[in-house]
Amino acid sequence: MRVKSLLRATGPAQNLELSGWVRTKRDAKDFSFIELNDGSCLANIQVIADTGLENYAVVRHITTGAAIRVRGDLVESPGKGQAWEIRAASMEVVGAAPEDYPLQKKRHSDEFLRTIAHLRPRTNKYGAMFRIRSRLAQAVHGFFQARGFNWIHTPIITGADCEGAGELFRVTTLDLQQVPKHNGAVDFGEDFFGKEANLTVSGQLEVEAYCLSLGRVYTFGPTFRAENSNTSRHVAEFWMIEPEMAFADLQDNMDLGEEMIRYLVNFVREECSTDLDLFCRFVDKSLPATLDNIADNDFIRLPYTEAVEILQKSGQNFEFKPEWGKDLQSEHERFLTEQHFKRPVIVFDYPKEIKAFYMRQNDDGRTVAAMDVLVPSIGEIIGGSQREERYDPLYRRIKELGFNPEDYWWYLDMRKYGTAPHCGFGLGFERLLMLLTGASNIRDVIPFPRTPNHLEF
Ligand code: 4AD
Ligand code: MG
């Protein structure tokens, strides 16, 4: 039996078996009290072993962190704070935990817990985090499947650099001690694929092919960026959700992004309330208000040009001066959502120079139909756009940026055969989890974070 269902029992029960890890143990004269957690829920169940147990000597030596198996009865608890407890009839140590088990204290800092990422899910906070993460992943699928979107498994190994930012992790089987050369340059013709390959930074280009076939699609999988930025919002490996809709424009895209975030906020409040409550009480006291704000208010929709004007007139002493043509810095994004509008903001129609090649060019000749969804504390949580579906402007943009159109032949093909307006976006799953739990560091919402110079686990 799992603790979660035992704690929801409607009556006593005999001869149960349960297993889990000891959170704490307290010995009295005639009894030992064990707080047992099996990961099924936040709460522990109290197990009582009396000195009459056949192997009580073993019980006396059970320590915090040990894995144990218990047989006994579920009885009403006379103690405060719990309805049910287990009266043990027998108990067995499955795996002992010597006294150097690192999780002896009640609370540990997030920094310390990162150094033991293999054990931190045994704490209340990280147990709650990763149960929420699991439920939320399922909710993402639920959201899209209910709306007729098909989950497409885009490749992890690819030859394309979707964002054109050059933040690629190379995939190779070449012998690095003896790299084959051709005219002085590395000869990737000798490599596994006969050409350069890398881990994907986004499944977008590939998913567009399925969008222009199945109409409504999404990806949900790991993406990789060799971005050398050590911030609290970047990791080198993260999960991204990328919907793509055919016969749809930027307005439809904004509607979908907003609807999705609101759906997920409501989901976590309704379906993960016990785990979420831990974050509201111990991590971020303003979390309930943040979530209410997102659920109850329409997102602001603001052209980039107006955003820059607001920033310039703000009187704020920004580190980076807001200027038309420059990307918004996170200090700017946070000013807009946290101070100026006090709610999520969708900035759209960005200058084409600061956005990727595939975005649809607006008639003004200087902006593209891009959109970023900005939220309090985090800044950008979604980046998306309407795609350039017209062959000639796309071809010209690829040339202008110095890319080789031959590398994009299949992407251009889609504009040749049955092209249609379409749009989509990428939502960073970890940033979503930060928003929903109030976690302030992205390293704490993914099981084993990958950042520059960190690959311990
Ligand atoms: O804005 P980005 O780079 O957009 C794309 O990759 C598009 N191809 C998406 C699309 O239109 N289909 O990334 C999208 C989101 C960001 O808004 C952010 O939430 C997240 O991905 N993200 C990261 N999350 C964690 N660590 C990083 N290094 C991230 N880079 C982007
Ligand atoms: Mg972006």
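Just above sits the structure.
Residues numbered from 1 in each chain as written. Chains lettered and ligands numbered in written order. Predicted model: local features only at pLDDT ≥ 70, side-chain atom pairs only at ≥ 80, totals over all residues. Heavy atoms only, no water.

Chemist: Hey, could you run me through the site of ligand 1 in this one?
Modeler: In the region of ligand 1, 25 residues are neighbours, and E163, Q204, R225, E242 and E380 sit closest. Residue Y358 places a side-chain N or O atom 3.4 Å away from a nitrogen atom belonging to ligand 1. In this structure, an oxygen atom belonging to ligand 1 sits 3.4 Å away from a main-chain N or O atom of G383. Elements that contribute at least two residues to the shell around ligand 1 include exactly strand 12 (237–246), strand 16 (379–386) and strand 17 (422–428). (Near = heavy atom within 4 Å. Polar contact = N/O pair within 3.5 Å; in protein donor to acceptor, adjacent residues only side chain to side chain. Helix = DSSP H or I, 4+ residues; strand = E, 2+ residues; numbered from the N terminus.)

Chemist: Help me out: how do you make sense of the sheet that holds strand 11 (residues 216–224) in this one?
Modeler: Pairing between the strands of a sheet is mediated by backbone hydrogen bonds and can be parallel or antiparallel. Here 8 strands make up an open sheet; going across it, the order is 6-11-12-17-16-15-14-13 and the pairing mixed. Two strands bound the open sheet, and with one partner strand each, they are strand 6 (150–151) and strand 13 (300–303). Pairing of strand 14 (residues 345–351) with strand 15 (residues 367–375) involves 6 bridges; the strand directions are antiparallel. Bridged to V345 within strand 15 is L374. Of the strands in this sheet, strand 6, strand 11, strand 12 and strand 17 touch helix 5 (residues 204–214), which is tilted by about 30 degrees from strand 12. Sheet contacts for helix 9 (residues 304–313): strand 13 and strand 14; angle to strand 13, the most-contacted strand, approximately 90 degrees. (Pairing = 2+ DSSP bridges. Contact = heavy atoms within 4.5 Å. Axes fitted to C-alpha atoms, helices over the stretch in contact; angles between N-to-C directions.)

Chemist: Is there a simple way to explain the packing of helix 8 (residues 287–296) against helix 13 (residues 429–437) in this structure?
Modeler: Helix-helix packing is characterised by the crossing angle of the two axes and by the distance between the axes. The interhelical angle for the contact between helix 8 and helix 13, taken along N-to-C directions, is 115 degrees, at an axis separation of 8 Å. On helix 13, the residues touching L287, T290, L291 and I294 of helix 8 are L435, L436 and T437. When the residues that make up the contact of helix 8 with helix 13 are grouped by side-chain class, the tally is 5 nonpolar, 2 polar and no charged. (Nonpolar A, V, L, I, M, F, W, Y, C, P; charged D, E, K, R; others polar.)

Chemist: Looking at this structure, I do not really get the pairing of strand 12. What am I missing?
Modeler: Looking along a regular strand, one sees the side chains alternate between the two faces of the sheet. Burial runs high along strand 12: 8 of the 10 residues are buried. In this sheet, strand 12 lies alongside strand 11 in antiparallel orientation, the contact comprising 9 bridges. Bridge pairing links F220 to I241 in strand 12. Of the strand pairs in this sheet, strand 12 and strand 17 are connected by 5 bridges, and their pairing is antiparallel. Directly across from A246, in strand 17, lies its bridge partner H422. (Buried < 20%, exposed > 50% of the residue type's maximum accessible area, 1.4 Å probe, protein only.)

Chemist: Could you clarify how one ought to interpret a nonpolar patch on the surface in this entry?
Modeler: Where nonpolar side chains cluster on the molecular surface, the patch consists of I156, I157, F192 and F193 and spans about 390 Å² of accessible area. Checked against the element boundaries, F193 lands in the loop between strand 9 (185–186) and strand 10 (198–199). (Patch = residues over 30% accessible without salt bridge, like charges linked within 9 Å, V, L, I, M, F, W, Y side chains within 5 Å. Areas by Shrake-Rupley, 256 points an atom, 1.4 Å probe, with all protein chains shown as cover. Salt bridge = Lys/Arg side-chain N within 4 Å of Asp/Glu carboxyl O.)

Chemist: What is the right way to look at the packing of helix 4 (residues 124–146) against helix 13 in this model?
Modeler: It is the contact of helix 4 with helix 13, at a shortest axis distance of 11 Å, that shows an interaxial angle of 120 degrees. Overall, the two elements helix 4 and helix 13 adopt an arrangement that is oblique. In the crossing of helix 4 with helix 13, the sense of the turn from one axis to the other is right-handed. Counting all contacts with helix 4, which are made through M129, I132, R133, L136, A137 and V140, the residues of helix 13 involved are F429, E430, L432, L433, L436 and T437. Here the contact of helix 4 with helix 13 is composed, by residue class, of 9 nonpolar, 1 polar and 2 charged. (Parallel < 35°, antiparallel > 145°, perpendicular 65-115°, else oblique. Left-handed = near helix turned anticlockwise from the far one by under 90°.)

Chemist: Can you help me understand empty space enclosed by the protein in this one?
Modeler: Rolling a probe over the atoms, with the probe sized like a water molecule, indicates the empty space that remains. Tallied over the entire structure, the rule returns 1 cavity of 30 Å³ or more. Counted as a void, the largest cavity has a volume near 40 Å³. Taken together, the residues of the lining of the largest cavity sort by class into 4 nonpolar, 3 polar and 2 charged. (1 Å grid on protein atoms, 1.4 Å probe; cavity = no way out; pocket = protein on both sides within 12 Å on 5 of 7 lines; lining within 4 Å. Points joined across faces, edges and corners; volume = space filled by probe spheres on them.)

Chemist: Would you take a moment to explain the packing of aromatic side chains for this structure?
Modeler: Pairs of aromatic rings are described using the distance from one ring centre to the other and the angle between the two planes. The tally for this structure, following the rule as stated, stands at 19 aromatic pairs. When the centroid spacing of 4.8 Å and the interplanar angle of 75 degrees are considered together, the rings of F192 and F193 count as edge-to-face. Owing to a relative accessible area of 43%, F193 belongs among the partly exposed residues under this scheme. Between W410 and Y411, the aromatic rings sit 6.1 Å apart at their centres with planes inclined by 85 degrees, giving edge-to-face as the arrangement. A relative accessible area of 0% places Y411 in the buried class. (Phe/Tyr/Trp six-rings, centres within 6.5 Å; stacked < 30°, edge-to-face > 60°.)

Chemist: What exactly am I supposed to notice about the side chain of N253 here?
Modeler: By secondary structure assignment, the location of N253 is in helix 6 (residues 250–271). Of the residues examined, N253 reaches a relative accessible area of 0% and is grouped as buried. In this view, N253 contacts M245, M371, G384, S385, C423, G424 and F425; residues no more than four positions away in its chain are not counted.

Chemist: It is not clear to me how helix 13 should be interpreted in this structure. Could you clarify?
Modeler: Within an α-helix, residues lying three or four positions from one another point in the same direction, as the helix has 3.6 residues per turn. Among the 9 residues in helix 13, 9 count as buried, and that is most of the element. Taken residue by residue, helix 13 has F429, E430, R431, L432, L433, M434, L435, L436 and T437 as its buried positions. Just beyond helix 13, the residue with positive phi is G438, at close to 75 degrees.

Chemist: In this structure, what is going on with the pattern of salt bridges? I would like to understand it.
Modeler: On inspection of all chains with the given rule, the structure shows 32 salt bridges. Here E208 ties to R415 by a salt bridge, and the two come within 2.8 Å at their closest N and O atoms. With a gap of 207 residues between them, E208 in helix 5 and R415 in helix 12 (residues 409–416) connect regions that are remote in the sequence. Judged on exposure class, the residue E208 and its partner R415 are both buried. Ionic pairing is found between E323 and K326, a salt bridge with its closest N-O pair at 3.2 Å. On the accessibility criterion, K326 (46% relative accessible area) is partly exposed. Here the residues in one salt-bridge network are E17, R69, R71 and E92, joined through shared partners.

Chemist: I keep staring at unusual backbone geometry and nothing clicks. Help me out?
Modeler: When glycine is set aside, most residues are seen to have a negative phi, and most peptide bonds are trans. Look at K342: it is not a glycine, yet its phi comes out positive at around 55 degrees. The topology assignment puts K342 in the loop between helix 10 (330–340) and strand 14. We classify K342 as exposed; its relative accessible area is 54%.

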